[in-house]
Amino acid sequence: MTFDVAVIGAGAAGLAAARTLSGARKRVCLIEARQRAGGRISTLHVPDLPIPIELGAEFLHGEAASTFAIVDAAALPVYELRTDYWYSRNGSFTHIRDFWGLINRVRARIGPLKQDVSFAEFMRTQRALSPRTRQLACNFVEGYHAAHADRISALALRMADGEQEGEPKQYRLASGYDSIIEWMRAGLDPEHVDLRFGSVVKRVQWSKGNVEIDCGTFTVRARAAIITIPIGVWKAPAEQDGAIVFDPPLREKEKALARLEAGHVVRITFRFRERFWEKHRAVFIQTRDRFMPTFWTTAPMRAPILIGWAGGHCADALLAERPSIIDRALDSMSRAFGVPRRRLDALLAGTWMHDWQSDPYSRGAYSYAAVGGSGAHDLLAKPVKNTLFFAGEATSSNETGTVSGAIATGYRAAGKLLRGVLT
Ligand SMILES: Cc1cc2nc3c(=O)[nH]c(=O)nc-3n(C[C@H](O)[C@H](O)[C@H](O)COP(=O)(O)OP(=O)(O)OC[C@H]3O[C@@H](n4cnc5c(N)ncnc54)[C@H](O)[C@@H]3O)c2cc1C
């Protein structure tokens, strides 16, 4: 049987695309390497813990249209965060007033830059900024963007024309991020969508109007394909698990990939028997730690849970401590909160993390543009000969690295197919 469309990857982007195509009664084969849907959205529902544990995406950034449309359609409960930022030095906390104002002032300074440099290089020229502002801005770029400050494009970080200076609102899904995935999956018409888990695509052979997808034990034939794999998988050498060989090769995509990077993140959820951090009233805590410089609580929800986060170089340093990652992270937490390590050990009731870097089907956290990489997300997104279409967070230029960006690109790719190819 020849499908209308083969969709590679059942993460947020792949599901959004497959749902749209199935709604238009097109025959879709949705091919997923893992035994589950959701990709970098991965929520655990632990039996003795009534709140969801996120291993991947956690926040809804701003009022992103594509996710909030699902939130409303599925009547999902969300709550807004108290984005309150603090800086800690060995347990001594200082409130950071107007954290986003500070970040935006740094970003506004990139505006006049003529030639692209890395963010780290740009910051070296900003001697008028205080050491603490520089530290916080670097923490932000390495943490929020999961980027290496000496690789990420400064120009890609500058404020877009007309961008609001205010603080973006942040939300959490009370039922877990997987509710979004479940809603999209429930909308796949089984008469039209063949969802194949545990199927790793190895090769995509294509010519105009014709695609043959080799999954090792079976081949899928379709008129067109939507590829939603993460940037780390795109960049993996052909012999590695998850890597996909395109035949004939996609030279334009190779140019885009050379200018995009897969960011690195370690995110750990810690469960304690007591909320020892409560007296500080801090929600987001930044430090200068070289392993785990960022922590946050579940506020405004009261729960004995702390999240630790390391991005960019800190993530690499922490991952190099394997198999003692949790140990090193607890040392960082002890310094950040000024609580002796022995006390933390006595209070600790559980930890959860997933190594997205060594996961063959993600090979990193989310994408960022390297120096000279402005426009690379758009280049990766461009369809090839009305036959290969591209989606996923790395193909979004305005919502890179987010779930809402991934969903929007899935709708975009499916819409292009419906309007231009499968009419
Ligand atoms: C730790 C962490 C925290 C994050 N926090 C947030 C957050 O708070 N808010 C936010 O908006 N975003 C966050 N993100 C980013 C967000 O998770 C992603 O941007 C989004 O989920 C990407 O969706 P996608 O469909 O583009 O890719 P994916 O979800 O990665 O989907 C791609 C799919 O392709 C499959 N695949 C890969 N290779 C193959 C192959 N060869 N054959 C078949 N299938 C294959 C994968 O298994 C995967 O299911 C976070 C990510 C991480 C890792």
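Conventions and cut-offs
Residue indices follow the written sequence of each chain, beginning from 1 at its first position. Given that this is a predicted model, residues contribute local features only at a pLDDT of at least 70 and side-chain atom pairs are listed and counted only at 80 or more, while totals for whole chains, interfaces and linings are drawn from all residues. Water and hydrogen atoms were dropped before computing side-chain values, which therefore reflect all heavy atoms in the structure. The definition used for a disulfide is geometric: two cysteine sulfur atoms within 2.5 Å. Burial classes: relative accessible area under 20% of the type maximum marks a residue as buried, over 50% as exposed, and values in between as partly exposed (1.4 Å probe, protein chains only). Throughout, near means a residue has at least one heavy atom within 4 Å of the molecule or strand. Definition of a polar contact: a pair of N or O atoms within 3.5 Å, with one able to donate and the other able to accept a hydrogen when the atoms are protein atoms, and with sequence-neighbouring residues admitted only if both atoms are side-chain atoms. Note on areas: Shrake-Rupley with a 1.4 Å probe; residue coverage comes only from the protein chains shown. Only DSSP runs of H or I covering at least 4 residues are called helices, and only runs of E covering at least 2 are called strands; the numbering of each starts at the N terminus. Residue type decides the class: Asp, Glu, Lys and Arg count as charged, Ala, Val, Leu, Ile, Met, Phe, Trp, Tyr, Cys and Pro as nonpolar, and the leftover types, Gly among them, as polar. Inter-axis angles, ranging from 0 to 180 degrees, are taken between N-to-C directions of lines fitted to C-alpha atoms, where helices are fitted over the stretch in contact. Left-handed describes a crossing whose near helix is turned anticlockwise from the far helix by less than a right angle; the clockwise case is right-handed. When checking whether two residues touch, look at their non-hydrogen atoms; a contact exists if any pair is within 4.5 Å. A carboxyl oxygen of Asp or Glu within 4 Å of a side-chain nitrogen of Lys or Arg is what we treat as a salt bridge.

Draft legend 1. The state of the cysteines, seen in detail. All told, the structure shown has 0 disulfides when counted by the stated rule. Residue C138 stays outside any disulfide, its sulfur separated by 10 Å from that of C314, the closest cysteine. Left unpaired, C215 is separated from the closest cysteine sulfur, that of C29, by 7.3 Å. Looking at C215, the relative accessible area reads 8%, which means it is buried.

Draft legend 2. A look at the site of the ligand. What surrounds the ligand is a group of 41 residues, the closest being E32, R40, F59, G242 and V403. Here an oxygen atom of the ligand sits 2.6 Å away from a polar atom, N or O, in the side chain of E32. Interatomic distance of 3.2 Å between a side-chain N/O atom of H61 and a nitrogen atom of the ligand. Notes on the ligand: free accessible area 1,000 Å², of which the protein chains cover 99%. Secondary-structure elements contributing two or more residues to the shell around the ligand are helix 1 (12-23), strand 5 (59-61) and helix 14 (403-420). A class-by-class count of the residues in the shell around the ligand yields 24 nonpolar, 12 polar and 5 charged.

Draft legend 3. Quick peek at the packing of helix 1 against helix 14. Remark: helix 1 packs on helix 14, axes separated minimally by 7 Å, with the N-to-C direction vectors making an angle of 35°. Seen from above, helix 1 lies across helix 14 with right-handed handedness. Where helix 1 abuts helix 14, its residues A12, A13, A16, A17, T20 and L21 lie against V403, A406, I407, T409, G410, Y411, A414 and L418. Split into classes, the residues belonging to the contact of helix 1 with helix 14 amount to 11 nonpolar, 3 polar and no charged.

Draft legend 4. Quick look at the side chain of T387. Among the secondary structure elements, T387 is positioned in the loop between helix 13 (376-381) and strand 22 (388-390). According to the relative accessible area criterion, T387 is buried, its value standing at 0%. Polar contacts involving the side chain of T387 include one to the main-chain amide nitrogen of G209, which spans 2.8 Å. When near neighbours in sequence (up to four residues on either side) are disregarded, T387 contacts S207, K208, G209, N210, V211, R223, A224 and A225.

Draft legend 5. A look at the pattern of salt bridges. Under the counting rule described, the total for this entry stands at 24 salt bridges. One salt bridge connects R328 with D331, and the closest N-O pair in it is separated by 3.0 Å. Of this pair, R328 and D331 are both found in helix 11 (residues 325-337), 3 residues apart, which corresponds to roughly one turn of the helix. You can call R328 partly exposed: its relative accessible area is 21%. For the salt bridge of D345 with R341, the shortest nitrogen-to-oxygen distance reads 2.9 Å. Of this pair, D345 and R341 both sit in helix 12 (residues 341-347), separated by 4 residues, roughly a single helical turn. Through salt bridges with shared partners, a single ionic network connects E321, D327, R328, D331, R341 and D345.

The values are spatial; any link to function lies outside them.
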